[in-house]
Amino acid sequence: MRLTSFTDYSLRTLLYLAANRDRLVTIQDIADLHVISKNHLMKVVYQLGLSGLVETVRGRNGGLRLGKEPQDINIGALVRSTETDFFMAECFDRAADTCPLTSNCKLKHTLNDATRAFLTVLDQQTLADMLPADPAHNQTKPVRIMRNAAKSTKA
């Protein structure tokens, strides 16, 4: 299963806000850190604000902060609220299902069980569980991963 970028950005935003509770954070801070679109992030923050997970402070020195305590933000509930569906295969959507095997196929049941197990694991986690135990080890600077980097040679 792959989460949408909306869910990914929601999780990243909440994690960053939780790790920086001592100050107000701007959307630009988060966008720069993760090298993501500020415009898309604004839509994410707007929805998080509507749900009460993020508070916005307007004005010259404004910014964002968590609207709830990290231990009160359930990861499973967040994923359910940000994902549009959990259709693992075409047969999950009756309106779009054209598979000739649907009536006798057991794969749908297996995938449904897998989706339930995935969500059950997320339901057992809160935002607090996702934070490092030692705030000194919290990484708030972007990390660049270089793909296809030249391998070093032995001398």
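Just so it is clear, the structure is predicted and the values come from calculations on it, not from any experiment.

Visitor: So what's going on with the overall build of the protein chain? Which residues, and what values?
Guide: Across its full length, the protein chain holds 5 helices and 2 strands. Looking at the protein chain residue by residue over its 155 residues, the buried ones come to 28%. Taking the contacts inside the protein chain whose residues are at least 6 apart along the sequence as the reference set, 64% of them involve residues at least 24 apart. By element, 52% of the accessible surface of the protein chain is carried by carbon and sulfur atoms, the whole surface being about 10,900 Å².

Visitor: Quick one: what's the story with the side chain of Asn20, residue by residue and with numbers?
Guide: Here Asn20 shows up in the loop between helix H1 (5-19) and helix H2 (27-34). Residue Asn20 is classed as buried on the basis of its relative accessible area, which comes to 8%. Within the structure, the side chain of Asn20 is placed 2.9 Å from the backbone oxygen of Tyr16, a separation counted as a polar contact.

Visitor: Give me the packing of H1 against H2: which residues, what numbers.
Guide: At a minimum axis distance of 11 Å, the contact between H1 and H2 shows a crossing angle of 115°. By the angle class used here, H1 and H2 are roughly perpendicular. The hand of the H1/H2 crossing is right-handed. Of H2, the residues touching H1 (which contributes Arg12, Thr13 and Tyr16) are Asp29, Ile30, Leu33 and His34. Residues that form the contact of H1 with H2 fall into these classes: 3 nonpolar, 2 polar and 2 charged.

Visitor: How would you sum up H1? Please name residues and give values.
Guide: Compared with the 21 Å implied by 1.5 Å per residue over 15 residues, the 21 Å span of H1 between its first and last C-alpha is a close match. Looking only at H1, the buried set comprises Thr7, Tyr9, Ser10, Leu11, Thr13, Leu14, Tyr16, Leu17 and Ala18. Of the surrounding elements, those touching the buried residues of H1 are H2, helix H3 (38-50), strand S1 (54-57), strand S2 (63-66) and helix H4 (75-82).

Visitor: Pulling in residues and values, what's your account of unusual backbone geometry?
Guide: You will see that Val35, though not glycine, has its phi angle at about 55°, which is positive. Residue position: Val35 is located in the loop between H2 and H3.

Visitor: Kindly report on the pairing of S2, identifying the contributing residues and their values.
Guide: Regular strands show a simple pattern: their side chains alternate between the two faces of the sheet. One ladder, built from 4 bridges, connects S1 with S2; its direction is antiparallel. Note that in S2 the partner of Thr56 across the bridge is Leu64. Counted along the chain from S1 to the antiparallel partner S2, the turn is 5 residues long, and its residue Gly59 has a positive phi close to 115°.

Visitor: Give a description of the packing of H1 against H4 that names residues and reports values.
Guide: Where H1 contacts H4, the two axes come as close as 9 Å, and the packing angle between them is 140°. On the basis of their axis angle, the class for H1 and H4 is oblique. In this structure, the crossing between H1 and H4 has a hand that is right-handed. Two secondary-structure elements touch here, H1 through Phe6, Thr7, Ser10, Leu11 and Leu14 and H4 through Ile75, Leu78, Val79 and Thr82. Here the contact of H1 with H4 is composed, by residue class, of 6 nonpolar, 3 polar and no charged.

Visitor: Lay out the confidence of the model for the protein chain in plain terms, naming residues and giving numbers.
Guide: For the protein chain, per-residue confidence averages 85 on the pLDDT scale, and 85% of positions sit at 70 or higher. Here residues 141-147 scores under 50 on pLDDT; set against residues more than four positions off or in separate chains, the count is 4 contacts. Across residues 149-155, confidence stays below pLDDT 50; counting only partners more than four residues off in sequence or on other chains, it has 0 contacts.

Conventions and cut-offs
Chains are numbered independently. Their residues run from 1 in the order of the written sequence. For a predicted model such as this one, the threshold for reporting local features is a pLDDT of at least 70, and the threshold for listing and counting side-chain atom pairs is 80 or more; totals across whole chains, interfaces and linings nevertheless cover every residue. Note that the side-chain values use all heavy atoms of the structure and ignore hydrogens as well as water. Note on conventions: DSSP H or I runs of at least 4 residues are helices, E runs of at least 2 residues are strands, and numbering of each starts at the N terminus. Exposure categories follow from relative accessible area, calculated using a 1.4 Å probe and restricted to protein chains: below 20% of the type maximum is buried, above 50% is exposed, and the middle band is partly exposed. Any pair of residues with heavy atoms lying within 4.5 Å of one another is described as a contacting pair. All accessibility values rest on the Shrake-Rupley procedure with a 1.4 Å probe; residue burial counts only the protein chains present in the view. Under this definition, polar contacts are N or O atom pairs within 3.5 Å; protein pairs additionally need one hydrogen-donor-capable and one acceptor-capable atom, and for neighbouring residues in sequence, both atoms have to be side-chain atoms. Only the stretch in contact is used when a helix axis is fitted, and all axes are lines through C-alpha atoms; the angle between N-to-C directions ranges over 0 to 180 degrees. Geometric relationships in this document are graded by angle, where less than 35 degrees denotes roughly parallel, more than 145 denotes roughly antiparallel, 65 to 115 denotes roughly perpendicular, and other angles denote oblique. Handedness of a crossing follows from how the near helix is turned relative to the far one, being left-handed for an anticlockwise turn of less than a right angle and right-handed for a clockwise one. Three residue categories are used. Nonpolar comprises Ala, Val, Leu, Ile, Met, Phe, Trp, Tyr, Cys and Pro, charged comprises Asp, Glu, Lys and Arg, and polar comprises the others, including Gly. Every helix has an expected span of 1.5 Å times one less than the residues it contains. Should DSSP find at least two bridges between two strands, the strands are regarded as paired. Each residue carries a pLDDT value, the predictor's own confidence for that position, ranging from 0 to 100.

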